[in-house]
Amino acid sequence: MRKLSLFIAMSLDGYIAKPNDDLSFLKMVEKEGEDYGYADFTSQIDTIIIGRKTYDYVLKEIGPSHYDNGQRDVYVITGTERSKVGRTTFYTGDIAELINHLKSGKGKNIYCDGGAEIINELLKHHLIDEFTISVIPILLGNGTKLFKDGRPEQALEFITAKTFETGLVQLKYERKK
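Residues numbered from 1 in each chain as written. Predicted model: local features only at pLDDT ≥ 70, side-chain atom pairs only at ≥ 80, totals over all residues. Heavy atoms only, no water.

Chemist: Describe unusual backbone geometry, listing the residues and the values that go with them.
Modeler: At the junction of Gly114 and Gly115, the peptide bond is cis and its omega measures out at 0° in the coordinates. Following the sequence through the fold, Gly115 ends up in the loop between strand S6 (109-112) and helix H4 (116-124). Although it is not a glycine, Tyr36 adopts a positive phi angle of roughly 55°. With respect to the helices and strands, Tyr36 occurs in the loop between strand S2 (15-17) and helix H1 (38-42). Residue classification places Tyr36 among the buried residues on the basis of a relative accessible area of 10%. Despite not being glycine, His126 shows a phi value in the positive range, around 55°. Residue placement: His126 occurs in the loop between H4 and strand S7 (130-136). (Helix = DSSP H or I, 4+ residues; strand = E, 2+ residues; numbered from the N terminus. Buried < 20%, exposed > 50% of the residue type's maximum accessible area, 1.4 Å probe, protein only.)

Chemist: Break down the packing of aromatic side chains for me, citing the residues and quoting the values.
Modeler: For the coordinates displayed, the defined rule picks out seven aromatic pairs. Judged by centre distance (4.7 Å) and plane angle (80°), the rings of Tyr36 and Phe164 are edge-to-face. Pair noted here: Tyr36 is in the loop between S2 and H1 and Phe164 is in the loop between strand S9 (156-163) and strand S10 (169-175), with a separation of 128 residues, a long-range link. Of the two residues, Tyr36 and Phe164, neither departs from the other in class, the shared state being buried. Between the aromatic rings of Tyr38 and Tyr111, the centroid separation amounts to 6.2 Å while the plane-to-plane angle is 70°, which identifies the pairing as edge-to-face. With Tyr38 in helix H1 and Tyr111 in strand S6, this residue pair connects regions lying 73 residues apart in the sequence. Given the relative accessible area of 2%, Tyr111 is considered buried. Cluster of aromatic residues (ring-pair linked, three or more members): Phe7, Tyr38, Phe41 and Tyr111. (Phe/Tyr/Trp six-rings, centres within 6.5 Å; stacked < 30°, edge-to-face > 60°.)

Put into structure tokens, the structure is as follows:
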């Protein structure tokens, strides 16, 4: 069965974005030649799940090929129906049904790239199998929290912790079954 993995960065106080969806704090750990394991991680996936706001931000800042590179399927979770573009599907249905369908199919692992609403909906249904969380050395004090209140408790098993010169600490956990 395929796994659903989260690979995301947050501030030390648990925010994935500053107010107004500002991700500029991520730039403080940018270092030439360092991708914090992202290329290795994405080599193990062939499907991406992403919320519409995060998708729109990446589209504007990086471009459409960041997600839809012709090598993987992209599901943008949205409330507004839109036509499929390349391998990008704008999905308006039940996210738990979609993930369960994808997990039971053939292929590599599935990557959830955010945002917080999507992540927390997946957590409500115990659908995230692996968590790779990069902690950025900054306290933002406000913004979009990675983990919201109102979701069920979930036990995790520690896998690794890795430190980097930039001060970033990357934590990896798996959901206990």
